[in-house]
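Residue-level listing of the chains:
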Amino acid sequence: MVGVLLVASSLSAALILILKPLLLRYALARPNARSSHKIPTPQGGGIAVVGAALITVLILASVLKSSYGGLQPFLVLAGASIALAALGAVDDIRPLPAGMRLLLQAAAVTAVIITSGIRILPDWIPPSLEQALLIFGGVWFVNLVNFMDGLDWITVAEMVPVTASVAILSEMTYQPFPVAIVAIALSGALLGFAPFNKPAARLFLGDVGSLPIGLIVGWLLLQFAGKGALIAALLLPLYYLMDATITLFRRLAKRERVWEAHRSHFYQRATDNGFSVMSVVTHVFVLNLALAALAAVTLVWPSAPVQISALLAGVLLVGFVLRRFSHPRVTASLEASR
């Protein structure tokens, strides 16, 4: 596992160094209504992150001489991820219509869901209905990861604990190859990207990274849910799920155009309320460690009372952080009054 982490991390950093001159020239992100940055900054680091993760898995599969049958779900995932990366790359340079983006995202998610053959709902629910629900959920997860990637280091603070937890806990859920390898490779690739995205960032992921990362992490969580670990699969990304979903419903209630750029997410409001970028991402990182611990508890003690209690505890923890982000920092208020 450590070797995979190091390979993916090194490859990601190397690809960034190679690609950065091109990104500086062709992929500058200029500040807009949603931005947390003030000056034009190159985006597109996701090319290196996703590329490093997929290449690392394929290298290891080749070394281990894995069979095509065992790799088929991953190969479909890899193809769909590359398609989303291409969609994100185009959208980073020249924004596409929202309808076209959703259609192409739905196609990629559908390919992954159908080929996975995973069921997580009771048998009395028709498979076609379950697949439709999973596709809807998958498209939302891909988009919410994209929506939440609006602050330096926030995707690292969220996805490194999630993917590392999936890798560590995979053995407890009897996951097939290459679930743990995909998880640790993506975690390593994000760590390789982290020094370039450290506040104040010199490089952003861009949609070319956030969209396929959402798909890959969604696939990993689906594997968990398919092995009976549905609560663990919900707990691990619970901060992103709650922040993005609550924000969506609030914007819908106000009849806002939800597909347009905005600064309504709790993490964005936190920076407006006096929290530094480092303070926000530290909150997110520590919260994710706590959620990972709760997810582990649900696997060690799979009884219904423990599952419900852990999920409730996770919701309360995330709710506490969201509430904290929603109010001005006490120190900021004191300084302003002087």
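Note that the coordinates shown come from a computational prediction; the quantities given were computed from them, not determined experimentally.

Caption draft 1: Main features of the overall build of the protein chain. Each helix and strand in the protein chain was counted, giving 14 helices and two strands. For 338 residues, the compact-globule estimate of 2.2 N^0.38 gives 20 Å, and the protein chain sits close to it at 19 Å. The principal-axis extent of the C-alpha atoms belonging to the protein chain is close to 65 × 50 × 40 Å. Residues counted as buried form 49% of the 338 residues belonging to the protein chain. Put simply, 76% of the contacts in the protein chain that link residues at least 6 apart link residues at least 24 apart.

Caption draft 2: Layout of the confidence of the model for the protein chain. The share of residues in the protein chain with pLDDT of 70 or more is 93%, and the mean pLDDT across the chain is 90. Long-range and interchain partners of residues 332-338, a stretch whose pLDDT sits below 50, account for three contacts in this model, where long-range means more than four residues apart.

Caption draft 3: Spatial organisation of the packing of aromatic side chains. Inspection of the entire model under this criterion finds three aromatic pairs. Seen in terms of ring centroids, Tyr239 and Tyr240 are 6.1 Å apart; in terms of plane orientation they differ by 55°. Their pairing is tilted. Judged by its relative accessible area of 0%, Tyr239 is buried. Over the ring of Phe266 we find Arg269, and its NZ or CZ is 4.9 Å from the ring centre.

Caption draft 4: View of helix H12 (residues 277-300). Here H12 spans 35 Å end to end across 24 residues, near enough to the 34 Å set by a 1.5 Å rise per residue. Every buried residue of H12 is accounted for by Ser279, Val280, Val281, Val284, Leu287, Asn288, Leu291, Ala292, Leu294, Ala295, Thr298 and Leu299. On the buried face of H12, the contacting elements are helix H6 (154-169), helix H8 (207-226), helix H9 (230-235), helix H10 (238-253), helix H11 (266-272) and helix H13 (304-326).

Caption draft 5: Inspection of the nonpolar core at higher detail. Ile213, Tyr239 and Phe325 are the most contacted members of the largest nonpolar core, which has 100 residues in total. Ile213 has contacts with Val49, Val50, Met159, Leu186, Leu190 and Leu205, leaving out every residue within four places of it along the chain.

Caption draft 6: Expanded view of the pattern of salt bridges. In this structure the tally under the stated criterion is three salt bridges. The shortest N-O distance in the salt bridge between Glu256 and Arg251 comes to 2.7 Å. Overall, the relative accessible area of 30% leaves Glu256 in the partly exposed class.

Caption draft 7: Structural context of the environment of Gln223. Among the structural elements, Gln223 can be located in helix H8. Each C-alpha atom, one on Gln223 and one on Val179, is 7.7 Å from the other, the two residues being 44 residues apart in sequence. The residues contacting Gln223, other than those within four sequence positions of it, are Ile118, Gln175 and Val179.

The rules behind the values
Residues numbered from 1 in each chain as written. Predicted model: local features only at pLDDT ≥ 70, side-chain atom pairs only at ≥ 80, totals over all residues. Heavy atoms only, no water. Helix = DSSP H or I, 4+ residues; strand = E, 2+ residues; numbered from the N terminus. Rg over C-alpha atoms; globule rule 2.2 N^0.38 Å. Buried < 20%, exposed > 50% of the residue type's maximum accessible area, 1.4 Å probe, protein only. Contact = heavy atoms within 4.5 Å. pLDDT = per-residue confidence, 0-100. Phe/Tyr/Trp six-rings, centres within 6.5 Å; stacked < 30°, edge-to-face > 60°. Lys NZ or Arg CZ within 6 Å of the ring centre and 35° of its normal. Expected span 1.5 Å × (residues − 1). Core = buried A, V, L, I, M, F, W, Y, C linked by side-chain atoms within 4.5 Å. Salt bridge = Lys/Arg side-chain N within 4 Å of Asp/Glu carboxyl O.

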